[in-house]
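Here's the letter readout for the chains.
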Amino acid sequence: MSEASAPSVSVAQARELFFAQGRDPAPWIAPHISRSWQRSRPVDPHCIDPTPMAPSLLNERREQAMRLLSCAQPELDGLAEHAVGNGCIVALSDASGLILEEIGSPDFLPKAQRVALQPGVEWSESHRGTNAIGTALAEREALMVLGGEHYLAQNGRLGCAAAPIFSGRGELAGALDISGETARVNHHALGLVRMAAQQVEHRMLLAEASGHVLRFHARPALIGTAREGLMVIEGGRIVAANRVALDLFGRTWEGLLDLDAEEFLGAQWPRMEHRRSLLTLPGGRQIATVMERTGTANSGTGRSGARQVMAANAAPLDNDDVVRPLLARAVRVLNEGVPVLVNGETGSGKEVFSRRLHAASRRSAGPFVAVDCASLPETLIEAELFGYEEGAFTGARRKGMPGRIREAHGGVLFLDEIAEIPLALQTRLLRVLEGRVVTPLGGGQGVAVDFDLVCATHAGLPALVEAGRFRADLMYRVAGFTVALPALHERADRRALIARLFLESGGAAKHLCLENDALERLAAYRWPGNVRELRSVLRALVALADPGDAVTADALPAHLHDAAPVADFNEATLSQPNAPLQTITRHAIDEALRACDHDVARAARRLGVHRSTVYRHLARQRPPAGNTKD
């Protein structure tokens, strides 16, 4: 299938043939557009923009698609930055084409069309004719629909790229879409949604798996990433697989599902469990495999096992060696109702980590309600958190507002930059967290709430407590378990992380190669803006490169060439008494210990080294025996 748009003159000619003369437009437009126009004939080409469905009905549809929403949320977050920067929107639909979630900048559209792209509007072909969401679902392929290729003339200024999302049994689960002005939607956008859909499918399959999960790839390094093949075996039969697995085996879902695992994989397949081994594919090619047990099918441990797999693989960030153990421990704590506090520098991924924590937790089917305490004016934060009754204050909504805490009922409440909550409101927040009853402004009956709590801050709460700017009892309440996310330059896995983010930022879609000299220079930079800054630089590199290019260090921004390199903290560095980086290394370990309240294990994780490295550093600082002063 051709995904390229025909020249605008050709599209205009095709529209004249099809809509005015009733003739076949196939020679003038891409085959998938021609097929879609034919399917869309029953749609009135002059229909007006629809009205979104009632919120209560939309909530019901969202509840029905809760697994899809929770598994897609990290990808929506990742694509949102691209969308906002390019004046586009990102939309997630269910299998019928109903928009469930929309993020981005719809300001490029007239008001009527902005409404048409809101959650609650269906974009199936039967409702809206040819469009990226509906046509991707109908064709079961990732594709673009640009300008006049839309069936409805009123959508002629839209450019859209969409990719369908499949379950492990080949059923349509939904679609991801990027829409903007036609000039802003291209093959890069198509590559982004295609890759994001693959990530969602990977996460959904693991979240729903029970029995055995077989992971495999021709390149062992890709096992544990969203590019691996996955196959689920229950009761000795193959019950699910992802599209990577189908490609590697040269099969379709119909030709693979419900086969006997022993006949397909051989009698030794159960012995693959929890160890790497080789599997011979049809044709004699061998691939690396790992088999994991997620629980017993149809038993009480099945969902728990699936959740554990999801905790380790919920998203690309979670496959990083540094982050995976942090996420796994945080999930266990949060599932016991203990609040989690995420510490980390600006841009280190605190909200992304928290969303993935929610997706891997017992509350994954419930909402994730994020409140940025730093961005809300002090005069509004109380109403935003606790809600208000009708007439509570001038400018209040006519029917009041439930508040973000009540919206988090049954899910996770995420308070970002909690250190910014005004001191006067901290007492009220503490009362709600302890009593789990919230009373709106203006009086009214208290409402019981049930949620798990995740907070984040780049500031040190103990120092704020000492300064009298944060209540000690609230700190103890929100910091039941603290996760310290390392800065990018502190991560031992940053080379692998940079290489993967380069591919995810469009490098894979444009078939680019990141050369070693560029990778080493990127890894040596300190990245004061952390992963957020890194993603921006990588997107710029991808945008400036031509398809198939090898990206070298010469293509990097000038400030990366001039920066001093970051030290790699490892055993070899510390074992060299005259090493030029010795002072930097000692300073970094001391800083990590201070940031982690002298917790050696946390400091070691922050630096990406073994605990013994930090213990040896501490031993060298102790005065020799006999030299202590009385």
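Report follows, based on the coordinates. (Residues numbered from 1 in each chain as written. Predicted model: local features only at pLDDT ≥ 70, side-chain atom pairs only at ≥ 80, totals over all residues. Heavy atoms only, no water.)

### A word on the side chain of aspartate 416
Right, so step 1: Structurally, the position occupied by aspartate 416 is in strand S13 (residues 412–416).
Right, so step 2: Summary of buried charges: aspartate 416 has no salt-bridge partner, and the nearest side chain of opposite charge, lysine 350, is 5.5 Å away.
Right, so step 3: Dropping the residues within four chain positions of it, aspartate 416 is found in contact with Glu351, Val371, Asp372, Cys373, Ala374 and Ala456. (Helix = DSSP H or I, 4+ residues; strand = E, 2+ residues; numbered from the N terminus. Buried < 20%, exposed > 50% of the residue type's maximum accessible area, 1.4 Å probe, protein only. Lys, Arg positive; Asp, Glu negative; His and termini not counted. Salt bridge = Lys/Arg side-chain N within 4 Å of Asp/Glu carboxyl O. Contact = heavy atoms within 4.5 Å.)

### A short note on the nonpolar core
Right, so step 1: Grouped together as the largest cluster of nonpolar side chains are 33 residues, with contacts concentrated most on Leu68, Leu92, Ile165, Leu176, Ile178 and Val200.
Right, so step 2: When contributions to this core are tallied by element, the ones reaching two or more residues are helix H4 (66–85), strand S1 (89–94), strand S3 (143–146), strand S4 (158–166), strand S5 (172–181) and helix H8 (187–208).
Right, so step 3: Considering each element in turn, this core owes the most residues, nine residues, to H8.
Right, so step 4: For valine 200, the contacting residues outside a window of four places in its chain are Leu68, Cys71, Ala72, Glu75, Ile165 and Leu176.
Right, so step 5: Membership of the second largest hydrophobic core comes to 31 residues, among which are Cys373, Leu385, Leu425 and Val432. (Core = buried A, V, L, I, M, F, W, Y, C linked by side-chain atoms within 4.5 Å.)

### Brief notes about the sheet that holds strand S11 (residues 340–343)
Right, so step 1: Taken together, five strands build an open sheet; the order of strands is S12-S13-S16-S11-S17 and the sheet is parallel. Either end of the sheet is taken by a strand with one partner, and the two such strands are strand S12 (368–372) and strand S17 (481–484). Averaged over neighbouring strand pairs, the angle between their axes works out to 20° when direction is ignored.
Right, so step 2: For S13 and strand S16 (residues 452–457), the ladder comprises five bridges, and the chain directions are parallel. When the sheet's bridge partners are listed, leucine 413 is paired in S16 with leucine 453. (Pairing = 2+ DSSP bridges. Axes fitted to C-alpha atoms, helices over the stretch in contact; angles between N-to-C directions.)

### Here we look at the packing of helix H20 (residues 494–507) against helix H22 (residues 530–544)
Right, so step 1: Packing of H20 against H22 leaves a shortest axis separation of 9 Å and a crossing angle of 50°. By the angle between their directions, the pair H20 and H22 is classed as oblique. Between H20 and H22 the crossing geometry is right-handed. Mapping the contact onto sequence places Ile498, Leu501, Phe502, Ser505, Gly506 and Gly507 in H20 and Val531, Leu534, Arg535, Leu538, Arg539 and Val542 in H22.
Right, so step 2: Broken down by class, the residue content of the contact of H20 with H22 amounts to seven nonpolar, three polar and two charged. (Parallel < 35°, antiparallel > 145°, perpendicular 65-115°, else oblique. Left-handed = near helix turned anticlockwise from the far one by under 90°. Nonpolar A, V, L, I, M, F, W, Y, C, P; charged D, E, K, R; others polar.)

### Notes on unusual backbone geometry
Right, so step 1: Look at arginine 140: it is not a glycine, yet its phi comes out positive at around 60°.
Right, so step 2: With respect to the helices, strands and loops of the structure, arginine 140 is situated in the loop between helix H7 (132–139) and S3.
Right, so step 3: Even without being a glycine, histidine 511 presents a positive backbone phi close to 55°.

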